[in-house]
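The residues making up each chain are set out below.
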Amino acid sequence: MEGDTFSGLGNGTQMEYKVLQTFQKSFGQVQNILDQNRLLINEINQNHESRIPDNLSRNVGLIRELNNNIRRVVVLYADLSHSFTKSMEISSEGDSSDAVRSDGKPGHKRNRAG
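Keep in mind that what you see is a predicted model, and the values were worked out from it rather than measured.

(A) A nonpolar patch on the surface, seen in detail. Residues Phe 27, Leu 34 and Tyr 77 make up a contiguous nonpolar surface patch of about 280 Å² in total accessible area. On the accessibility criterion, Tyr 77 (39% relative accessible area) is partly exposed.

In structure tokens:
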């Protein structure tokens, strides 16, 4: 797929492809919000520099919108982190070994990229 950030990765399964699509969608949403924030910050700065009372009053709403956007980015990153952790757990389930840890519970072997 042209422009697909993850298209160069190896032979992934359907699940891996869906995970990558989810990441790509979330990063796209984050980038859109950050682009909006850049515009908001520019407008806030212009309003502040103008010292016109109506513009300064408008900044209250703009700053609220900026704060809400920042909250949305935090939520998106938290969801991404959770999804990534979950996908790593799923992908490592097939890598389990029959080894027993020192506490007597079954252990899991982790493969490191290298």
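(B) The packing of helix α1 (residues 14-50) against helix α2 (residues 53-93), seen in detail. Contact geometry of α1 with α2 gives a least axis separation of 9 Å together with a crossing angle of 160 degrees. As far as their axial angle goes, α2 and α1 are roughly antiparallel. Crossing of α1 against α2: the hand is left-handed. Among the residues making up the contact of α1 with α2, the classes are represented as 21 nonpolar, 12 polar and 4 charged.

(C) Fine view of α1. Helix length check: α1, at 37 residues, gives a terminal C-alpha distance of 54 Å against a target of 54 Å (1.5 Å per residue), a fit within 8%. Of the surrounding elements, those touching the buried residues of α1 are α2. Two residues or fewer after α1 comes Arg 51, characterised by a positive phi angle close to 60 degrees.

The rules we used
Residues numbered from 1 in each chain as written. Predicted model: local features only at pLDDT ≥ 70, side-chain atom pairs only at ≥ 80, totals over all residues. Heavy atoms only, no water. Patch = residues over 30% accessible without salt bridge, like charges linked within 9 Å, V, L, I, M, F, W, Y side chains within 5 Å. Areas by Shrake-Rupley, 256 points an atom, 1.4 Å probe, with all protein chains shown as cover. Salt bridge = Lys/Arg side-chain N within 4 Å of Asp/Glu carboxyl O. Buried < 20%, exposed > 50% of the residue type's maximum accessible area, 1.4 Å probe, protein only. Axes fitted to C-alpha atoms, helices over the stretch in contact; angles between N-to-C directions. Helix = DSSP H or I, 4+ residues; strand = E, 2+ residues; numbered from the N terminus. Parallel < 35°, antiparallel > 145°, perpendicular 65-115°, else oblique. Left-handed = near helix turned anticlockwise from the far one by under 90°. Nonpolar A, V, L, I, M, F, W, Y, C, P; charged D, E, K, R; others polar. Expected span 1.5 Å × (residues − 1). Contact = heavy atoms within 4.5 Å.

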